Amino acid sequence: MASVSGYLILFASLYLPPAVLRALLLIEKESTLGLHDVHGFFSDMVVVLFLAAAVSWLSRLWRVGGVVLAVVWCVLNYGSYEHVKTLNSLPLLANAGYLADRTFLMGSVVSISRPLLLGVVLLLSGLTARLAFRKETAAFSGSVFLVLALVTAGLNVAWQKDHGILGWRQANFAYENLRWSSLRSAVKGRADSLPAAEFNGTPVLKLDNAGQNVLLVMLEGVSGAYLDHIAETHGIGSAIKMPRLNELAENNVAYSTFISNQRQTNRGEYAILCGDYPRFLAAEPAMSESVRTGAELTCLPGILKDAGYDTVYLQAAPLGFMMKDQFMPKAGFSKTYGDEWFKSPYKRSEWGVDDRAFFEQSLEMVRKLQSSGRPWFLTMLTVGTHHPYAVPRGYKSPYPEGSSGEAFSYLDRAVGSFFNSLEEEGLLKDTLVLLTSDESAGIGSGANDVSKMLSQSWGFLIAIPPTGERMRIDERFMQVDLAASTLDYLGLDKRAAAAFTGRSVFRSYEKGRDIFFSNIYLNTSGMVGPDGNMYLCEANYRACFKFRAGKAGLFLPGQWEVVRGEQAVALFEKMAGKRPLPTGDGTFDIKLVEKQSVTLLDSPFQRIFGGQQFTVPAGTRIDVDMKINILDGNGKVVIYHDLISQKDTHRRSESTHTCFLAQSLLLGAGDTLSLRYTYYSKKELKEMEARLIGRIAGDGDLKLRVVEAVMRLSPAETVTDSVPKNSVREASVNGLPAKMYVSWGK
C-alpha cells in the first residue's frame, strides 16, 4: 500500500490541470468569485477521484499507463478551456462528431491559443504523476480513491446548481456531460404543426415591392450587444464595439430585440432561409436531416427562384462542412459558391478566406447579378469571426492580437468598406438589404452570468430599403421571421403564409406572442411570453427558472426565481415536438463527400470524410458505395472505413457501436479501391456516421482522390433475394478482389 504522501501526489497530478485552467478562466472572464465557483472546483475534485481510482488499478498492469492517462486528462481539460474561452460553455459530447471533419479539425481543434500554457500544464502534470509512481514501490489501492469519489459524488449531486450562473463555473466538463446525457433521455416531444405566418400587422414600410432585388448578408457570430444604437435600449453593452455597423443601424431600419433561435451556423441559417424553427435539442440539425431524408423543402430561395429570381449563395468557408454543398441547392439556390471561389485572400485558413477579401471579391458577384437585368437574391455568409479568427498580421485594432475583439473589428471595417462601395457604384438601387447574423457569440465579459447566457441568443437585424427610411423598432422579432418578411416586402405574402411560420418584421402587431429560442452549447431552451416574463429550462424541461418582467431590457433581466410549473413544461415540450424525428419512409441518397483530392499527411490517421451524423429508424437498408483513387506520390497508404452509431448507454467505454468495419491492404500510387456493401439496421441507429480514414505507412507523400462516396437509405421491405442481408457486394483493388478485413455489427 502506498503512503499518504504518494496518494496526495497522485491526486495533485490529476487535479492540477482542471484547477489551474479553471482559475485562469475566472481571471480572463473577469468573474466575481462566489460559492458557485467553489462548486466548480469541488466538481473537478469528484471527477479526479474517480480518475485516480482508474489510474491506480491501471498501474497494477502498466505502470507507465498512469502517466499516459494523466497527460490525456490534461489535454482534455485544455480542450475544455479553449471551448469555454471561445463559447462561454462546456464542450458537449454530442458535438464530438465534428472532430471527424477536416475543416473543423484543422480549422479550430489544432489552433491552440496558448501553446505555452498547454506545455507548462502538461509538464507539471506529467512530472507530478511520474513522481507519484516513482516515490512508492507498492501499487496504489484504487479502493481508497473510489470510496472518496463516491462520498464526494453524493455531496456534489446534493449541491443544487445555481441557474443564474454559467454552467462551466459550477461543474467539470466530464461530470456535466454525464448529467446532460441523463437529462436528454427524459425528453419526449409531441408532433405539432407550426402556426402559419401572420400578416395582420400594420405596415411600417411600403410593401408590395414586386421585382426588387434582395441582398441577405449574414455576419458570423455578431451580437446586438456590439451595436450601441441597439444595445442602449437594453441598458447593457459589450467591450466589443462595431462602429461602422452601428452607423448602418443608426441610418436605416434597426431592430433592437432580434432573437437568434438557436446556436450553430447550420441551425441559424436553416431558420432564416426556411422560415422554420430549428431543432431545439442536441439532435440532428434540420439542415442535415433534410439532406439525409431527401424530403422536399420549401425555402425562401426556392420560392424566389420560381418567381423568376436569380438565386445565389456565397460563403467564405468550404461548402462541404455541414453539407451546405447539398443543402443550398436543395433549398432553391441556382448557384452555390464557397471558399474555392475566392482567389486572392489576405489570410486563408481551413475555415476559408478573411472577411476583407470576402467582401471585396463579393462585389464582383453583386455587379454581375445587377448587370443581368433580372431580379436577384444573393445570400452571403462570412467566417472570419469564427474561432480561431482570420485576421492578417499587421492589422491595427484597439483589441489584443488574436482576440475575438480584433476579429470583429476587422469584420466591421470590411463591412463598412463593402457598403461604401455598393453605394458609390449605385448597386443598391431597387435592392432590399438585410444584415443579420447566423448566431450570436454574445457577451464574454463585463456582465453578470444571466446576461452572458441570454446574450448568446441576442442577434441583430438591420434592414436597408432603397426608399431610405430610418427608424429603430423595439418590437421583438426572431430569425424564423425573415423568410416570411422578405416575401411580405416583395408582395408574395400569400406564398409565405402557406410555406413559413413567424411574423413580418415590416409590420407592427398589437398583441405580443410567445418567442422560443435554444442554445445547444448551454443545453438550454428559452421562451419570452407576451407579458415579458421569460423562462429558461434545461434540456429535459424539468429544471426551469423564470425572470420577472421589469423595466430592464430583455437581456438585462431583473429578479428571477426557480419554477417547476406544468405550464412552462407543456410549452417547451410542445415546441420540442414541432420537429419530430423523421419516420424514414422513402428511398434517398446521401453524398458522404463531394469529389475531392486530399493530400495525406504524415500522421497516425487522417479523416478523409465523416462528422455528419444521422438518426436512422429501425428496419432501414443502408447501401454504401465508395471508389477511391491513390494519385501520384511515393509510399503506401492504409485505408480504413467504418459505419458507426451511438449506443443507448451512458457508459463511455461502450458508447460506440460498430455496424461495419473494413481495413484494406497497403495501397500505392495509381491504385483504385472500390467498396460496396449493404447493412440492415434492426434497431434505430442514433448518431450514425460513415467515416473514411487514411494512414501513411512509413515515409511517403501521396494524394488521395474520392471519386464516389454515396450512402443510400431505403425501407427494409425493398430487400431482394439477389442481395443477402449484411453483404459485401464488391471489394476490389484495381478491379481484382481485395483481401480486406471486414467485420459486421450484431
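Above this text you will find the structure in question.
Residues numbered from 1 in each chain as written. Predicted model: local features only at pLDDT ≥ 70, side-chain atom pairs only at ≥ 80, totals over all residues. Heavy atoms only, no water.

Trainee: Looking at this structure, how should I read the overall build of the protein?
Mentor: Tallying secondary structure elements over the protein gives 19 helices and 30 strands in all. Out of the 746 residues in the protein, the part that is buried amounts to 57%. By sequence separation, contacts in the protein at least 24 residues apart represent 78% of the contacts at least 6 residues apart. (Helix = DSSP H or I, 4+ residues; strand = E, 2+ residues; numbered from the N terminus. Buried < 20%, exposed > 50% of the residue type's maximum accessible area, 1.4 Å probe, protein only. Contact = heavy atoms within 4.5 Å.)

Trainee: Whenever I open this one, the side chain of histidine 36 confuses me. Can you help?
Mentor: For histidine 36, the position within the fold is in helix α2 (residues 35-61). Within the structure, the side chain of histidine 36 is placed 3.3 Å from the side chain of arginine 169, a separation counted as a polar contact. (Polar contact = N/O pair within 3.5 Å; in protein donor to acceptor, adjacent residues only side chain to side chain.)

Trainee: Is there a simple way to think about the environment of arginine 513 in this case?
Mentor: Structurally, the position occupied by arginine 513 is in the loop between β14 (507-508) and β15 (515-519). With residues up to four places along the chain from it excluded, the contact list for arginine 513 reads Arg476, Phe477, Met478, Asp481, Gly502, Arg503, Val528, Gly529 and Pro530.

Trainee: Help me understand the packing of aromatic side chains, please; the structure alone is not making it clear to me.
Mentor: Between two aromatic rings, the relevant description is the distance of the centres plus the angle of the planes. The final tally for this structure, using the stated rule, is 22 aromatic pairs. Ring geometry for tyrosine 78 versus tyrosine 81: centroids 5.4 Å apart, planes at 40°, classification tilted. Of this pair, tyrosine 78 and tyrosine 81 both sit in helix α3 (residues 63-87), 3 residues apart, which is roughly one turn of the helix. Ring geometry for tryptophan 341 and phenylalanine 342: centres 5.0 Å apart, planes at 85°, overall edge-to-face. Residue class for phenylalanine 342 comes out buried when judged on its relative accessible area of 1%. Among the aromatic residues, ring-to-ring pairing joins Tyr337, Trp341, Phe342, Phe358, Phe359, Phe418 and Phe419 into one connected group. The ring of phenylalanine 41 carries the charged tip of arginine 22 above its face, separated from the ring centre by 5.8 Å. The ring of tyrosine 509 has arginine 503 lying over it, and the distance from NZ or CZ to the ring centre is 4.4 Å. (Phe/Tyr/Trp six-rings, centres within 6.5 Å; stacked < 30°, edge-to-face > 60°. Lys NZ or Arg CZ within 6 Å of the ring centre and 35° of its normal.)

Trainee: For this particular structure, what's the right way to read the packing of helix α14 (residues 355-370) against helix α15 (residues 404-424)?
Mentor: For any two helices packed against each other, one specifies the crossing angle of their axes together with the interaxial distance. Between α14 and α15, the least distance of the axes is 8 Å, while the angle of their chain directions is 20°. The angle between α14 and α15 falls in the class roughly parallel. Crossing handedness for the pair α14 and α15: right-handed. Counting all contacts with α14, which are made through Asp355, Arg356, Phe359, Ser362, Leu363 and Val366, the residues of α15 involved are Tyr410, Leu411, Ala414, Val415, Phe418, Ser421 and Leu422. (Axes fitted to C-alpha atoms, helices over the stretch in contact; angles between N-to-C directions. Parallel < 35°, antiparallel > 145°, perpendicular 65-115°, else oblique. Left-handed = near helix turned anticlockwise from the far one by under 90°.)

Trainee: What is the right way to read helix α1 (residues 4-28) from this model?
Mentor: An α-helical turn contains 3.6 residues, so a residue and the one three or four places further along point in the same direction. For α1, spanning 25 residues, the distance from its first C-alpha to its last is 35 Å, which sits close to the expected 36 Å at 1.5 Å a residue. At the C-terminal side of α1, glutamate 30 shows a positive phi close to 55°. (Expected span 1.5 Å × (residues − 1).)

Trainee: Would you take a moment to explain a nonpolar patch on the surface for this structure?
Mentor: A surface patch of nonpolar side chains, amounting to about 590 Å² of accessible area, comprises Leu61, Trp62, Val64, Val68, Val72 and Leu76. Considering every element that reaches the nonpolar patch, the biggest residue donor is α3, with 4 residues. Its relative accessible area of 41% is what places valine 72 among the partly exposed residues. (Patch = residues over 30% accessible without salt bridge, like charges linked within 9 Å, V, L, I, M, F, W, Y side chains within 5 Å. Areas by Shrake-Rupley, 256 points an atom, 1.4 Å probe, with all protein chains shown as cover. Salt bridge = Lys/Arg side-chain N within 4 Å of Asp/Glu carboxyl O.)

Trainee: Would you explain the nonpolar core in this entry?
Mentor: If you look at the biggest cluster of nonpolar residues, it comprises 111 residues, and the most contacted ones within it are Leu219, Val222, Leu245, Phe359, Leu378, Phe419 and Leu435. Examining the composition of this core, we find that 9 residues originate from one element, α1, more than from any other. Excluding its chain neighbours within four sequence positions, the residues that come into contact with valine 222 are Leu227, Met242, Leu245, Phe408, Leu411, Ser437, Glu439, Ser440, Trp458, Gly459 and Phe460. The next biggest cluster of nonpolar side chains, apart from the first, holds 86 residues, and it includes Val214, Val637, Ala709 and Leu713. (Core = buried A, V, L, I, M, F, W, Y, C linked by side-chain atoms within 4.5 Å.)

Trainee: Help me out: how do you make sense of the sheet that holds strand β12 (residues 471-473) in this one?
Mentor: Sheet strands pair by backbone hydrogen bonding; their relative direction is either parallel or antiparallel. Pairing is mixed in the open sheet, where 8 strands are placed in the order β6-β5-β9-β2-β10-β11-β3-β12. Sheet topology places β6 (335-337) and β12 at the edges, where each strand pairs with a single neighbour. Taking each pair of neighbouring strands and ignoring which way they run, the sheet shows an average axis angle of 15°. Contacting β3 (253-255), β10 (431-436) and β11 (461-464), helix α9 (residues 243-250) runs over the sheet at an angle of about 55° to β11. Here helix α17 (residues 482-489) sits on the sheet in contact with β2 (213-218), β10 and β11, set at roughly 165° to β10. (Pairing = 2+ DSSP bridges.)

Trainee: Would you mind showing me how to read the pattern of salt bridges here?
Mentor: Here the idea is simple: oppositely charged side chains can pair when their charged atoms come close. Taken as a whole and judged by the stated rule, the model has 26 salt bridges. Glutamate 176 is paired through a salt bridge with lysine 161; the nearest N and O atoms lie 3.7 Å apart. Of this pair, glutamate 176 sits in helix α7 (residues 173-184) while lysine 161 sits in the loop between α6 (142-158) and α7; the two residues are 15 residues apart in sequence, bridging distant segments of the chain. Residue lysine 161 is classed as partly exposed on the basis of its relative accessible area, which comes to 26%. For the salt bridge of arginine 503 with glutamate 198, the shortest nitrogen-to-oxygen distance reads 3.4 Å. Note that arginine 503 is positioned in the loop between α18 (493-499) and β14 and glutamate 198 in the loop between α7 and β1 (202-203), a separation of 305 residues in sequence. Of the residues examined, arginine 503 reaches a relative accessible area of 7% and is grouped as buried. Bridged by salt links that share partners, the residues Arg621, Asp623, Asp625, Arg676, Glu708, Arg729 and Glu730 form one connected network.

Trainee: Explain the packing of helix α11 (residues 286-293) against helix α13 (residues 324-331) here, please?
Mentor: Taken N-terminus to C-terminus, the directions of α11 and α13 make an angle of 80°; their axes are 10 Å apart at the nearest point. It follows that α11 is roughly perpendicular to α13 by the angle criterion. In this structure, α11 uses Met287, Ser290 and Val291 to contact α13, whose residues at the interface are Lys324, Gln326, Phe327, Met328 and Lys330. The class makeup of the residues in the contact of α11 with α13 is 4 nonpolar, 2 polar and 2 charged. (Nonpolar A, V, L, I, M, F, W, Y, C, P; charged D, E, K, R; others polar.)

Trainee: Even after reading the chapter, I still don't get the pairing of β11, so can you show me in this structure?
Mentor: Each regular strand carries side chains that alternate between the two faces of the sheet. The alternating pattern of β11 places Leu461 and Ala463 on one face and Ile462 and Ile464 on the opposite face, and all of these are buried. Two elements, β3 and β11, share 3 bridges in a ladder whose sense is antiparallel. Looking across to β11, one finds that alanine 254 is bridged to isoleucine 462. Here 4 bridges tie β10 to β11, and the two strands are oriented antiparallel to one another. In the sheet register, leucine 434 faces β11, and the bridge partner there is alanine 463.

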